[in-house]
Amino acid sequence: MCYFTKNMLREAITTIEESVTLTLPFLPKLHPSVATTFYNLGVCYEKTGDMHRAMELYRESLSIREYILPVHVETASVLNRLAHCVFQQGEVTECFQLFLKSHRILAQVSPVSEAMAEACYYLGVCYMKRSRLREAEEALKEAVRIYKTVYPAGHPYITRVEELLHHVRQRTYGY
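Keep in mind it's a predicted model, so treat the numbers as computed, not measured.

Reading the values: rules and limits
- Residues numbered from 1 in each chain as written.
- Predicted model: local features only at pLDDT ≥ 70, side-chain atom pairs only at ≥ 80, totals over all residues.
- Heavy atoms only, no water.
- Disulfide = S-S within 2.5 Å.
- Buried < 20%, exposed > 50% of the residue type's maximum accessible area, 1.4 Å probe, protein only.
- 1 Å grid on protein atoms, 1.4 Å probe; cavity = no way out; pocket = protein on both sides within 12 Å on 5 of 7 lines; lining within 4 Å.
- Points joined across faces, edges and corners; volume = space filled by probe spheres on them.
- Helix = DSSP H or I, 4+ residues; strand = E, 2+ residues; numbered from the N terminus.
- Nonpolar A, V, L, I, M, F, W, Y, C, P; charged D, E, K, R; others polar.
- Axes fitted to C-alpha atoms, helices over the stretch in contact; angles between N-to-C directions.
- Parallel < 35°, antiparallel > 145°, perpendicular 65-115°, else oblique.
- Left-handed = near helix turned anticlockwise from the far one by under 90°.
- Contact = heavy atoms within 4.5 Å.
- Salt bridge = Lys/Arg side-chain N within 4 Å of Asp/Glu carboxyl O.
- Core = buried A, V, L, I, M, F, W, Y, C linked by side-chain atoms within 4.5 Å.

**Some remarks on the state of the cysteines**
Moving on, step 1. One pass over the full model with this rule turns up zero disulfides.
Moving on, step 2. The thiol of C95 is unpaired, and the distance to the nearest cysteine sulfur, on C126, comes to 3.6 Å.
Moving on, step 3. Overall, the relative accessible area of 0% leaves C126 in the buried class.

Shown next, in the form of structure tokens:
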């Protein structure tokens, strides 16, 4: 994945797709490596802006992960990536369902993690878009609490969520 770390995404896509062509025939369809490959390829396509292709690949990865590892951090990570893409496409309902599923998994396997904080943040945003402000407040408070345990004080993620939480409280309580 050297190309990916150097932001040479087209080269990464070509290399990964070539490896898929060479190795996929020799692996079972439900092999974890196949899921990881689809996920990595999805990340590359997402980074190039091809959200449609990225979402297709995340869905393929997710179908494998949910079958072999239904309650696992990696399954939740795929859900988060897919939900983020869906959110970028303006599909709030599906985004909400995906982040809620991720949240339920992470609550069992990794309750204090960046992935859990991200799920809480986006759940808060989805609740807010649905005018469910009290639920938005609770989700955002949880995101702040978790981000404060995984990042140093003043980190931009903490600030971003605290600002949104303040906005939700203004709309809810008028302060």
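**Comments concerning the layout of surface pockets**
Moving on, step 1. Empty space within the largest pocket amounts to approximately 170 Å³.
Moving on, step 2. Together, H84, E114, E118, Y121, Y122, Y147, Y157 and R160 line the largest pocket.
Moving on, step 3. For the lining of the largest pocket, the secondary structure elements donating two or more residues are α7 (114–129) and α9 (156–173).
Moving on, step 4. Per-class residue counts for the lining of the largest pocket are four nonpolar, one polar and three charged.

**What about the packing of helix α5 (residues 73–88) against α7?**
Moving on, step 1. In the contact formed by α5 and α7, the axes pass within 11 Å of each other and the chain directions differ by 30°. In terms of orientation, α5 and α7 fall into the roughly parallel class. Relative to α7, α5 is oriented so that their crossing is left-handed. Facing α5, whose interface residues are N80, H84 and F87, α7 presents A115, E118, A119, Y122, V125 and K129.
Moving on, step 2. Residues belonging to the contact of α5 with α7 are distributed by class as follows: five nonpolar, two polar and two charged.

**Side note on the pattern of salt bridges**
Moving on, step 1. Applying the stated rule across the entire model yields nine salt bridges.
Moving on, step 2. For the salt bridge of R81 with E46, the shortest nitrogen-to-oxygen distance reads 3.0 Å. Here R81, found in helix α5, pairs with E46, found in helix α3 (residues 32–48); they are 35 residues apart in sequence, far enough to count as distant.
Moving on, step 3. A salt bridge links R53 to E56; its shortest N-O distance comes to 2.9 Å. Of the two residues, R53 and E56 both sit in helix α4 (residues 51–68), three residues apart, roughly one turn of that helix.
Moving on, step 4. The exposure class of R53 is partly exposed, given its relative accessible area of 25%.
Moving on, step 5. The class of E56 is partly exposed, set by a relative accessible area of 32%.

**Examining the side chain of H103**
Moving on, step 1. Topologically, H103 is positioned in helix α6 (residues 92–109).
Moving on, step 2. In contact with H103, not counting residues within four places along its chain, are M116, A119, C120, L123 and E142.

**Some remarks on unusual backbone geometry**
Moving on, step 1. Positioned with a positive phi, S131 is a non-glycine residue whose angle comes to about 60°.
Moving on, step 2. Among the structural elements, S131 can be located in the loop between α7 and α8 (133–150).

**Brief notes about the nonpolar core**
Moving on, step 1. In this structure, Y58 and Y121 are the most contacted members of the largest nonpolar core, which totals 62 residues.
Moving on, step 2. Taken together, the elements giving at least two residues each to this core come down to α2 (9–23), α3, α4, α5, α6, α7, α8 and α9.
Moving on, step 3. Those residues in contact with Y58 that sit more than four places away from it in its chain are Y39, G42, V43, E46, V78, R81, L82 and C85.

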